[in-house]
Every structure is written in structure tokens, then in C-alpha cells.
Amino acid sequence: MAKITYIEHNGTKHEVDVANGLTVMEGARDNNIPGIEADCGGACACSTCHVYVDGAWTDKLPPKDAMEEDMLDFAWEPDAERSRLTCQLKVTDDLDGLVVQMPEKQI
């Protein structure tokens, strides 16, 4: 189980426990966190689960694969360092304390 903080674009924080084995996207979906739409259901076929990872976490996460990199090209205002698709982040104990912020909108 990992405690993950989701921050809406307006600054509203949601701190939730997410079970290991789920994705960060599924944690948002299961806890009704606004700002992560996940239109493709986690298939890495859209960019509507895009977030900005807190700078303290960028080097702690697994690297982006080519498919995630390609999909991030379609995200709203992607940041080369901090943008990630939450469907590609598998929750483990190592993600305890992760902080992600939603963009202004998902496209």
C-alpha cells in the first residue's frame, strides 16, 4: 500500500492509500479523484491520465517507455522532466509518498 497525494490544478489535495499492484491512474479512478479522466481505461492509448510528478520523485520512478513518450506528445502542456501517464505507474511500496499534480485540462 502506498499513500499518494493527487493535487488538482486548483490546488485541492487528495491523499489516498492505493493498493500495490494497481496503477496510479486506478488509484485516482477508485477514489473519485477529479482531473484524471483515463478515457482508454489504462491501455496507454490516450493521454487523459497525464500528471506532473513532483520534482523530488522524477528520478525515483521507472523510466518512460517509448509508448508512454509517444502518448505524452498528445498531452496538455507536457513537461519533458515531470510529465507522466498515471496508467503506466504501477503502485509498489516504493511509491509511498508520491505527489502528482493534474494539468489544467486533459485532451
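Read on for a plain summary of the structure. Sequence positions are assigned chain by chain, starting from 1 and proceeding in written order. Restriction of local features to residues with pLDDT of at least 70 applies here, the model being predicted, together with a cutoff of 80 or more for giving and counting side-chain atom pairs; totals for whole chains, interfaces and linings are based on all residues. To get the side-chain values, all heavy atoms of the structure are used, and hydrogens and water are removed first.

**Remarks on the overall build of the protein**
At step 1: Numbering of helices and strands runs from the N terminus, with a helix taken as a DSSP run of H or I at least four residues long and a strand as a DSSP run of E at least two residues long. Each helix and strand counted, the protein has 2 helices and 5 strands in total.
At step 2: Mapped in sequence order, the helices and strands of the protein form the string β-β-α-β-α-β-β.
At step 3: For a compact globule the rule gives 2.2 Å times the number of residues to the power 0.38, and the radius of gyration it is set against comes from C-alpha atoms. Computed over C-alpha atoms, the radius of gyration of the protein comes to 12 Å, within 12% of the 13 Å expected from 2.2 N^0.38 for 107 residues, which places it in the range of a compact globule.
At step 4: In terms of principal-axis extent, the alpha carbons of the protein reach across some 30 × 25 × 25 Å.
At step 5: Exposure is judged per residue with a 1.4 Å probe applied to protein chains only, and the accessible area is read against the type maximum: over 50% gives exposed, under 20% gives buried, and values in between give partly exposed. With 107 residues in all, the protein has 43% of them scored as buried.
At step 6: For this analysis, residues touch if any pair of their heavy atoms sits within 4.5 Å. In the protein, of all internal contacts separated by at least 6 residues, the share reaching a separation of at least 24 is 65%.
At step 7: For the protein, the exposed area adds up to about 5500 Å²; of that, 47% sits on carbon and sulfur atoms. Each accessible area value is a Shrake-Rupley result obtained with a 1.4 Å probe; residue values ignore everything except the protein chains displayed when judging cover.

**Some thoughts on the side chain of S83**
At step 1: Structurally, the position occupied by S83 is in strand β4 (residues 83-85).
At step 2: For S83, a relative accessible area of 1% gives the class buried.
At step 3: From its side chain, S83 meets the backbone nitrogen of D79 in a polar contact 2.7 Å long.
At step 4: In this structure S83 touches H50, V51, Y52, K64, L72 and P78, once residues within four positions along its chain are discounted. A 3.5 Å cut-off defines polar contacts: any pair of N or O atoms within that distance qualifies, except that in protein one atom must be a possible hydrogen donor and the other a possible acceptor, and neighbouring residues in sequence count only when both atoms are side-chain atoms.

**Notes on a negative patch on the surface**
At step 1: A patch consists of residues whose relative accessible area exceeds 30% and which take part in no salt bridge; residues with like charges are grouped when within 9 Å of each other, and nonpolar side chains (Val, Leu, Ile, Met, Phe, Trp, Tyr) when within 5 Å. Here a salt bridge means any side-chain nitrogen of Lys or Arg lying within 4 Å of a carboxyl oxygen belonging to Asp or Glu. For the purpose of charge, His is not counted, nor are the chain termini; Lys and Arg are scored as positive and Asp and Glu as negative. Lysine's charge is taken at NZ, arginine's at CZ, aspartate's at CG and glutamate's at CD. On the surface, a cluster of negative charge is made up of D65, E69, D70 and D73.
At step 2: Within the secondary structure layout, D70 lies in helix α2 (residues 66-72).

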